[in-house]
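Single-letter residue listing:
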Amino acid sequence: MALPANFKRFLFEKSLVPPRKWRPAATFLVAVIAGLGFFLLDFSNASSYLSDDPQACVNCHIMQPQYITWTHSSHREVAHCNDCHVPHNNVANKYFFKAKDGLYHASVFTMRGEPEVIQARPPSIEVIQNNCIRCHQDQVTDAKMEAFLADHTANRTDRTCWECHRDVPHGRVRSLSSVGAQIEPIREYSAEDLSVIPKWLQESMQSQKTNPK
């Protein structure tokens, strides 16, 4: 399809079109860059980060301790990663924060600069604290708490929630060297028929169902 004349004129006026002898090389270079871009998007499973699936957070293996400890916490049944770690005041801010935080994490992971123990940065701390209060509004504002918990108002306004609730939801131990292997298959990198239940155990269970004693 031919380009509009005005658009062509704009490209030439702004020197956005290379001289004729350089056009094959420029076209090849643009194609290579575009191809590498699409390859990286596919290789990194970038589309998964648009979802709220917690397993998207373990596309990078360094987040495995956080994922494992969450799967063994009470929050697993009521909240996923995005419930706590991204803003919920509006959709635009949610995805802007995800993109900004994700690019930072990707750059650190690519440069192999991740710390042994991952800690939240100040912008993330603010978001997490706001989400704690958002989900636990009734408990935070419950007047009855003042009757049996000393300085509850000061505790919830002058510090973060997890300074007291230390084990929620990731426990106290979160380093790469101190958390065991994840037994739950990561769907993105596992065969569709992969199961954590061994085949011999599945056959035994099926046998018991069909031929109960």
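Since the structure is predicted, the reported quantities are computational estimates derived from the model, not experimental observations.

Regarding the overall build of the protein
(1) Moving on: Looking only at helices and strands, one finds ten helices and zero strands in the protein.
(2) Moving on: Secondary structure of the protein in N-to-C order comes out as α-α-α-α-α-α-α-α-α-α.
(3) Moving on: Within the protein, residue pairs in contact and separated by at least 24 positions form 64% of the contacts whose partners lie at least 6 positions apart.
(4) Moving on: Carbon and sulfur atoms make up 62% of the accessible area of the protein, which amounts to about 16200 Å² in all.

Topic: the pattern of salt bridges
(1) Moving on: Counted under the stated rule, the structure contains two salt bridges.
(2) Moving on: Of the charged contacts, one joins D52 and K94 as a salt bridge, the two residues approaching to 3.4 Å between their closest N and O atoms. Pair noted here: D52 is in the loop between α2 (23-43) and α3 (64-71) and K94 is in helix α5 (residues 91-110), with a separation of 42 residues, a long-range link.
(3) Moving on: Its relative accessible area of 33% is what places D52 among the partly exposed residues.
(4) Moving on: R121 is the salt-bridge partner of D101, the closest N and O atoms lying 3.1 Å from each other. Placement of the pair is D101 in helix α5 and R121 in the loop between α5 and α6 (122-135), with a sequence separation of 20 residues.

Let's talk about the environment of I68
(1) Moving on: Structurally, I68 is set in helix α3.
(2) Moving on: Accessibility expressed as a relative area gives 7% for I68, which makes it buried.
(3) Moving on: Spatially, the C-alpha atom of I68 lies 9.6 Å from that of V58, the residues being ten residues apart in sequence.

Structural notes on the confidence of the model for the protein
(1) Moving on: Scored by pLDDT, the protein comes out at a mean of 79, with 75% of its residues at no less than 70.
(2) Moving on: Least confident of the elements in the protein is helix α8 (residues 145-148), whose mean pLDDT is 65; most confident is helix α4 (residues 81-85), at 92.

What counts, and where the lines are drawn
- Residues numbered from 1 in each chain as written.
- Predicted model: local features only at pLDDT ≥ 70, side-chain atom pairs only at ≥ 80, totals over all residues.
- Heavy atoms only, no water.
- Helix = DSSP H or I, 4+ residues; strand = E, 2+ residues; numbered from the N terminus.
- Contact = heavy atoms within 4.5 Å.
- Areas by Shrake-Rupley, 256 points an atom, 1.4 Å probe, with all protein chains shown as cover.
- Salt bridge = Lys/Arg side-chain N within 4 Å of Asp/Glu carboxyl O.
- Buried < 20%, exposed > 50% of the residue type's maximum accessible area, 1.4 Å probe, protein only.
- pLDDT = per-residue confidence, 0-100.

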